Amino acid sequence: MKLTKLPFNFIPIALLIFCFSGNIFAQSLKKNLSFTPQLLCIDNNEACAIADINKDGLADVVAGRLWFATPDFVPRPLRAIDVHPPDYAKNNGEHTWDIDGDGWQDVVTTGWGETRILWYKNPGIVDLEKGLPWKEYTLADVGHGDGELGSFVDINADGRPEYIVNSYVKTNPFTIWRLDKDSNNAPIMISTEIGPRNSHGVGFGDINGDGRTDILFDEGWYEQPRQNIWGGNWFWHRDWNLKDGSCPMQIVDLNGDGRNDFIWGRGHDYGLYWFEQGQSIKDATTWTQHLIDSTWSQAHALSWADLDSDGQDELITGKRIKAHSGKDPGSDDPAFIYRYIWNKSLQKFNREEIGKGNIGTGLVIRVADLNNDGRKDIIMAGKTGTYILWQK
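Computed from a prediction, not measured in an experiment: that's the story for all the values here. Starting from 1, residues in each chain are numbered consecutively following that chain's sequence as written. Only residues with pLDDT of at least 70 are given local features in this predicted model, and only at 80 or more are side-chain atom pairs given and counted; all residues enter the totals for whole chains, interfaces and linings. Side-chain metrics rest on all non-hydrogen atoms present in the structure, leaving aside hydrogens and water.

Student: Explain the packing of aromatic side chains to me, and be specific about the residues and the numbers.
Tutor: Pairs were defined over the aromatic rings of Phe, Tyr and Trp, the Trp ring being its six-membered one, requiring ring centres within 6.5 Å. Orientation was assigned from the angle between planes: stacked under 30 degrees, edge-to-face over 60, tilted for the rest. Tallied over the full model, the rule gives 23 aromatic pairs. Look at F174 and Y222: their rings are 5.7 Å apart centre to centre, the planes differ by 65°, and that puts the pair in the edge-to-face class. Here F174, found in strand β14 (residues 174–181), pairs with Y222, found in strand β18 (residues 220–223); they are 48 residues apart in sequence, far enough to count as distant. We note that F174, like Y222, is buried. Here Y338 and Y340 contribute two aromatic rings whose centre-to-centre distance is 6.0 Å and whose plane-to-plane angle is 65°, an arrangement assigned as edge-to-face. Each member of the pair Y338 and Y340 is classed as buried. Joined through ring pairs, the aromatic side chains of W274, W296, F336, Y338, Y340, W342 and F349 make up one cluster. For a Lys NZ or an Arg CZ to count as sitting over a ring, it must be within 6 Å of the ring centre and within 35 degrees of the ring normal. Across the ring face of W104, the terminal group of K55 is positioned such that the distance to the ring centre comes to 4.6 Å. One cation-aromatic arrangement involves K383 over Y88; the distance from NZ or CZ to the ring centre is 3.6 Å. What counts as a helix is a DSSP run of H or I of at least four residues, what counts as a strand is a run of E of at least two, and both are numbered from the N terminus. A simple rule labels every residue: compare its accessible area, found with a 1.4 Å probe on the protein chains alone, to the largest value its type can have, and call it buried under 20%, exposed over 50%, or partly exposed in between.

Student: Go over the layout of surface pockets with me, naming the residues and quoting the values.
Tutor: Counted as a void, the largest pocket has a volume near 480 Å³. The definitions used throughout rest on a 1 Å grid laid over the protein atoms alone, on which a cavity is an enclosed set of points accommodating a 1.4 Å probe that cannot get out and a pocket is an open set flanked by protein within 12 Å on both sides along at least five of seven lines; lining residues are those having an atom within 4 Å of a point. What lines the largest pocket is a set of 20 residues, and nearest its centre among them are P248, Q250, L302, I365 and R366. Broken down by secondary-structure element, the contributors of at least two residues to the lining of the largest pocket are β12 (147–153), β20 (250–252), β24 (302–305) and β28 (365–368). If one sorts the elements of the lining of the largest pocket by residue count, β12 sits on top with five residues. Each residue receives one of three labels: charged for Asp, Glu, Lys and Arg, nonpolar for Ala, Val, Leu, Ile, Met, Phe, Trp, Tyr, Cys and Pro, and polar for the others, Gly being one of them. Along the lines of polarity and charge, the residues of the lining of the largest pocket split into 14 nonpolar, five polar and one charged. Grid points are joined across faces, edges and corners, and a volume is the space filled by probe spheres set on the points.

Student: Mind laying out the pattern of salt bridges, listing which residues take part and the relevant values?
Tutor: The salt bridge criterion pairs a side-chain nitrogen of Lys or Arg with a carboxyl oxygen of Asp or Glu, the two atoms within 4 Å. Following the criterion strictly, the structure yields 22 salt bridges and no others. One salt bridge connects E46 with R320, and the closest N-O pair in it is separated by 2.8 Å. Here E46, found in the loop between β1 (35–41) and β2 (49–51), pairs with R320, found in the loop between β25 (314–318) and β26 (335–343); they are 274 residues apart in sequence, far enough to count as distant. A residue is classified by how much of its surface remains accessible, and E46, at 1% relative accessible area, is buried. Its relative accessible area of 1% is what places R320 among the buried residues.

Student: How would you explain empty space enclosed by the protein if you had to name every residue and give the values?
Tutor: Within this structure, the stated rule accounts for one cavity of 30 Å³ or more. Volume-wise, the largest cavity comes out at about 40 Å³. When its residues are assigned to classes, the lining of the largest cavity shows one nonpolar, six polar and two charged.

Student: Give a description of the sheet that holds strand β16 (residues 202–205) that names residues and reports values.
Tutor: Strand pairing follows a simple DSSP-based rule, namely that at least 2 bridges must link the two strands. The four strands are arranged β16-β17-β18-β19 in an open sheet whose pairing can be described as antiparallel. At either end of the open sheet lies a strand with only one pairing partner, and these are β16 and β19 (235–237). The sheet shows a mean angle of 20° between the axes of neighbouring strands, direction not considered. For β16 and strand β17 (residues 214–217), the ladder comprises four bridges, and the chain directions are antiparallel. Paired with G203 across the strands is L216, a residue of β17. As a rule, the C-alpha atoms of each element are fitted with a line to give its axis, helices using only the stretch in contact, and angles between N-to-C directions run from 0 to 180 degrees.

Student: Please set out the side chain of T70 residue by residue, giving values where relevant.
Tutor: Assignment of secondary structure puts T70 in the loop between β4 (66–68) and β5 (75–77). In protein, a polar contact means a hydrogen-donor-capable atom and an acceptor-capable atom, both N or O and within 3.5 Å, with residues adjacent in sequence counting only if both atoms are side-chain atoms; elsewhere, any N or O pair within 3.5 Å suffices. A polar contact of 2.3 Å, which involves the side chain of T70, links it to the backbone oxygen of A59. When checking whether two residues touch, look at their non-hydrogen atoms; a contact exists if any pair is within 4.5 Å. Not counting residues within four places of it along the chain, the set of residues in contact with T70 comprises D56, L58, A59, D60 and L370.

Student: Before we move on, can you summarise the side chain of S199 with the specific residues and values?
Tutor: Within the secondary structure layout, S199 lies in the loop between β15 (187–195) and β16. When its relative accessible area of 0% is taken as the criterion, S199 is described as buried. Excluding residues within four positions of it along the chain, S199 makes contact with N166, S167, Y168, K170, F217 and D218.

Student: Outline the nonpolar core, supporting the account with residue identities and numerical values.
Tutor: The criterion is simple. A nonpolar core is a set of buried Ala, Val, Leu, Ile, Met, Phe, Trp, Tyr and Cys residues joined through side-chain atoms within 4.5 Å. Ranked by internal contacts, the top residues of the largest apolar core, which has 20 residues, are V61, F68, F73, L370, I379 and I388. If you list the elements that add at least two residues to this core, you get β1, β3 (60–63), β4, β29 (377–382) and β30 (385–391). The residues touching I379, leaving out its near neighbours within four places in the chain, are C48, I50, V61, V364, I365, R366, A368, L370, Y387 and I388.

Student: Lay out the environment of K121 in plain terms, naming residues and giving numbers.
Tutor: Assignment of secondary structure puts K121 in strand β10 (residues 116–121). On the accessibility criterion, K121 (24% relative accessible area) is partly exposed. As for K121 and V108, which are separated by 13 residues in sequence, their C-alpha atoms are 9.1 Å apart. A distance of 2.8 Å separates the side chain of K121 from the side chain of D102, its partner in a polar contact.

What follows is the structure, given as structure tokens:
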């Protein structure tokens, strides 16, 4: 058999074709995720959290009035929540932390119209098995009930999270609440005001690359000071002016230029975007807005997580159900949950549908491997109920 000698440049070209085809194949494999929804309860509560509530080594779901133990997810009582007219559950910030240091995960929360930051004490295994309600305590009084979302974020990297209530009333000062003890050694929170303006949207991340967590909001961002975080000046960079931004915004270097960009959605209208950070000029930074999707509305909650465990995070978001009780543009459109996969070479997101129908977001989207099968699942609470989207 006669062998044909290939041209010298054939092998590199062939390898390029193979690698390019391999990349396309890898991209197609990346889109082969499927999810099966499980409705845990019908409720109008819109916040949830993931934690090992009963100390059995498994992650459980906490969602407003109830908690659900892995693996049976039978509803178990936790607390009473009033209705905030017309159709909201009075809960807009659900988080877990061992507040009193007894080794059990408690719930930290606040709600629409609620002036207080509350915590609910985990009663321990005996009372958990009896289904008894958790006792309510007050950590702080915020001074207003205009909170859009309660966030629990470790701002100063000391291993203890701080509570931030961003407010849709912009004249309310932007305040951070941190854990402390009173004279009786009871848990409380004390406040630090970092800026005069507040907003609907909020985000947390390092904007200027100094290694510290800055705070984004609709009218720019507050830069964390290098020293004396609780007494120093948080400089207000007025780099943009958004309207009803998402809660949260996601801070990530999308294009790999060493400068963090951010992703945000219109919480009460059509539009999902990313802002590309450019060069800084004195105290101002240049930003370029890029459209991700304008075909659906109310991208109120965003999550940035690696669903397929390939080492690259994806954007998980979807339509919030009746964000303004049906009064927003597109509120009656069908509900969807999407995964957006970032293509760095093309500088764009590719959209994949992972849920539809009656399943929409509330205020937060949690991602966790609930059944320890190596696949990450999605947990959401909204006005049509609390759902787990099981990754198959």
